[in-house]
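Listed here are the chains, written in short residue letters.
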Amino acid sequence: MIAFVRGRVHETGPGMVTVDVGGIGYRVFVTERCAEALRIGEEVLLHTHHRVREDEVSLYGFLTPEERDWFELLMGVSGVGPKGALQILSAADPAAFADAVAQEDVRYLCTLPGVGKKTALRLVVELKDRLETLSGRVAGTRMRPATTESAETGDGRAADVVEALVTLGYNERQVAALVQETLRAHPDAGVEDVLRRCLRQLAP
């Protein structure tokens, strides 16, 4: 079982990185954020999940052990799998995700890439009793109180902005991650402000 990989970044690509460890290249699947943050030639330590199946041997890497633990929790949800878990990790804010599960906020969960209504419901059902792990050991954040205000502002804004951008012809997966990033950077911004900021980022 490979617990971590330490070496130099040899190659990066969408959702993957190749790490040179003593002349041997390990291809590791990573989140989009991780792939964008790494630079060829730099030293990196990735905490890994080593997946071994009859027809597959894969490595999934993360910059922190907490993120790896969260990946393993998500991957255990019926119908999510490693690819879906990476997509969620690429877009989700840990505190907002934990709140959404606690409040059974399917609408928010459906703004995450690769998550439809059925998957959102499974996330709520299978993870709700494990929120202490998600919000503490895995997410590394303190759970925010479940309030009507948070549901109507943070979660509602994300869904409204994603819907508006998709209506304008943008890819839902692409804009969902951008909307979450914009809301983290500007937590008090209204829907119109968030939409304007996202459009500026998307402009060629």
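Structure: above.
Please read these numbers as outputs of a predicted model, since none were measured by experiment. (Residues numbered from 1 in each chain as written. Predicted model: local features only at pLDDT ≥ 70, side-chain atom pairs only at ≥ 80, totals over all residues. Heavy atoms only, no water.)

Caption draft 1: Seen up close, the overall build of the chain. A count of helical and extended segments in the chain gives ten helices and five strands. In the chain, buried positions account for 45% of the 204 residues. Residue pairs in contact within the chain that sit at least 24 positions apart in sequence constitute 54% of those at least 6 positions apart. When the accessible surface of the chain is split by element, carbon and sulfur atoms take 51% of a total near 10800 Å². (Helix = DSSP H or I, 4+ residues; strand = E, 2+ residues; numbered from the N terminus. Buried < 20%, exposed > 50% of the residue type's maximum accessible area, 1.4 Å probe, protein only. Contact = heavy atoms within 4.5 Å. Areas by Shrake-Rupley, 256 points an atom, 1.4 Å probe, with all protein chains shown as cover.)

Caption draft 2: Examining the pattern of salt bridges more closely. In the structure shown here, the tally under the stated rule is three salt bridges. Here Glu56 ties to Arg51 by a salt bridge, and the two come within 3.4 Å at their closest N and O atoms. The exposure class assigned to Glu56 is partly exposed, which follows from its relative accessible area of 24%. Across the pair Asp193 and Arg197 runs a salt bridge, and its minimum N-O distance is 3.3 Å. You can see Asp193 and its partner Arg197 sitting in helix α10 (residues 191-202), four residues apart, about one turn around the helix. (Salt bridge = Lys/Arg side-chain N within 4 Å of Asp/Glu carboxyl O.)

Caption draft 3: Just the environment of His50, in detail. By the element assignment, His50 lies in strand β4 (residues 43-53). A C-alpha to C-alpha distance of 9.1 Å links His50 and Phe4, two positions 46 residues apart in sequence. If sequence neighbours within four positions are ignored, His50 has contacts with Met1, Ile2, Val57, Ser58 and Leu59.

Caption draft 4: Summary view of the packing of aromatic side chains. Counted by the stated rule, this structure contains four aromatic pairs. Here the aromatic rings of Trp70 and Phe97 are separated by 5.6 Å at their centres, their planes lie at 70°, and the arrangement is edge-to-face. Here Trp70 is found in helix α2 (residues 65-75), whereas its partner Phe97 is found in helix α4 (residues 94-102), with 27 residues between them in sequence. Each of the two residues, Trp70 as well as Phe97, counts as buried. Taken together, the ring pairs in this structure connect Phe29, Tyr60, Phe62 and Phe71 into an aromatic cluster. (Phe/Tyr/Trp six-rings, centres within 6.5 Å; stacked < 30°, edge-to-face > 60°.)

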